[in-house]
Amino acid sequence: MTLRHALLGLLTERSASGYDLLKLFNTSLANVWPATQSQIYTELNRLAEAGLITVVAEGPRGRKQYALTDEGRAELRHWLTETEPQPVRRSEILLRVFFLGEIDRDQALAYLDGLAEMMGKEENALRELDEAIDWDDGNLSVYGRIAMEYGLRFNAMRREWAEWAADQIK
């Protein structure tokens, strides 16, 4: 996924300002694809220059309301249907696990226990976020809930794996 496509996707149901998109990003996509305010505003300018979004209203202090254009919707659909997702192949966590034999067993156990704790915290944070979101029947909510469930299951699996791994070296 790219930030470009994330922003196009967020604009599919309604127009939004950069600030609104930043808030929506932080409550929906931050666990999948984090982005900073400056990255979002820079990309919004690029999308507007490319004709993929348009400014539909301007407010005080230069606030702009953006909407998806037909070209933007076509670009999003092209990305969804005609490009292969790139698998994530790098994991600092697993790279460290691979070399845990270079430290003493207590340190290795502490590392794995720390991973289990970290994954548990991430899982709990996602549960809290899930409960705080006002889900509706819109596409972003339906598919957002599906993505949320993936995050919950993924973090639960990583926590369980870290606990299992610690048991292997006890």
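Residues numbered from 1 in each chain as written. Predicted model: local features only at pLDDT ≥ 70, side-chain atom pairs only at ≥ 80, totals over all residues. Heavy atoms only, no water.

Brief notes about the packing of helix 2 (residues 18–28) against helix 3 (residues 37–49)
Consideration 1: For the pair helix 2 and helix 3, the least separation of the axes is 10 Å and the interaxial angle reads 130°. The orientation of helix 2 relative to helix 3 falls into the category oblique. Here helix 2 and helix 3 pass one another in a crossing that is right-handed. Residues Gly18, Tyr19, Leu21, Leu22 and Phe25 of helix 2 form the contact with helix 3, whose participating residues are Gln37, Ile40, Tyr41 and Leu44.
Consideration 2: When the residues that make up the contact of helix 2 with helix 3 are grouped by side-chain class, the tally is seven nonpolar, two polar and no charged. (Axes fitted to C-alpha atoms, helices over the stretch in contact; angles between N-to-C directions. Helix = DSSP H or I, 4+ residues; strand = E, 2+ residues; numbered from the N terminus. Parallel < 35°, antiparallel > 145°, perpendicular 65-115°, else oblique. Left-handed = near helix turned anticlockwise from the far one by under 90°. Contact = heavy atoms within 4.5 Å. Nonpolar A, V, L, I, M, F, W, Y, C, P; charged D, E, K, R; others polar.)

Some details on helix 1 (residues 3–10)
Consideration 1: Of all eight residues that make up helix 1, seven are buried, and the element is covered over most of its length.
Consideration 2: Here helix 1 has its buried residues at Leu3, His5, Ala6, Leu7, Leu8, Gly9 and Leu10. (Buried < 20%, exposed > 50% of the residue type's maximum accessible area, 1.4 Å probe, protein only.)

Focus on unusual backbone geometry
Consideration 1: If you check the backbone angles, Arg61 has positive phi at about 55° while not being a glycine.
Consideration 2: With respect to the helices, strands and loops of the structure, Arg61 is situated in the loop between strand 2 (53–58) and strand 3 (64–68).

Here's the deal with a nonpolar patch on the surface
Consideration 1: Side chains of Leu95, Phe98 and Phe99 sit close together on the surface and give an oily, nonpolar patch of about 380 Å² of accessible area.
Consideration 2: With respect to the helices and strands, the residue Leu95 is situated in helix 5 (residues 92–98). (Patch = residues over 30% accessible without salt bridge, like charges linked within 9 Å, V, L, I, M, F, W, Y side chains within 5 Å. Areas by Shrake-Rupley, 256 points an atom, 1.4 Å probe, with all protein chains shown as cover. Salt bridge = Lys/Arg side-chain N within 4 Å of Asp/Glu carboxyl O.)

Side note on helix 6 (residues 105–132)
Consideration 1: The terminal C-alpha atoms of helix 6, which comprises 28 residues, lie 40 Å apart, in line with the 40 Å expected from a rise of 1.5 Å per residue.
Consideration 2: Those residues of helix 6 lying buried are Ala108, Leu109, Tyr111, Leu112, Leu115, Ala116, Met119, Gly120, Glu123, Leu126 and Leu129.
Consideration 3: The inward-facing, buried residues of helix 6 abut helix 2, helix 5 and helix 7 (139–169).
Consideration 4: At the N-terminal boundary of helix 6, the capping side chain belongs to Asp104, with an oxygen 3.1 Å from the backbone nitrogen of Asp106. (Expected span 1.5 Å × (residues − 1). Polar contact = N/O pair within 3.5 Å; in protein donor to acceptor, adjacent residues only side chain to side chain.)

On their own, these measurements won't tell you what the molecule is for.
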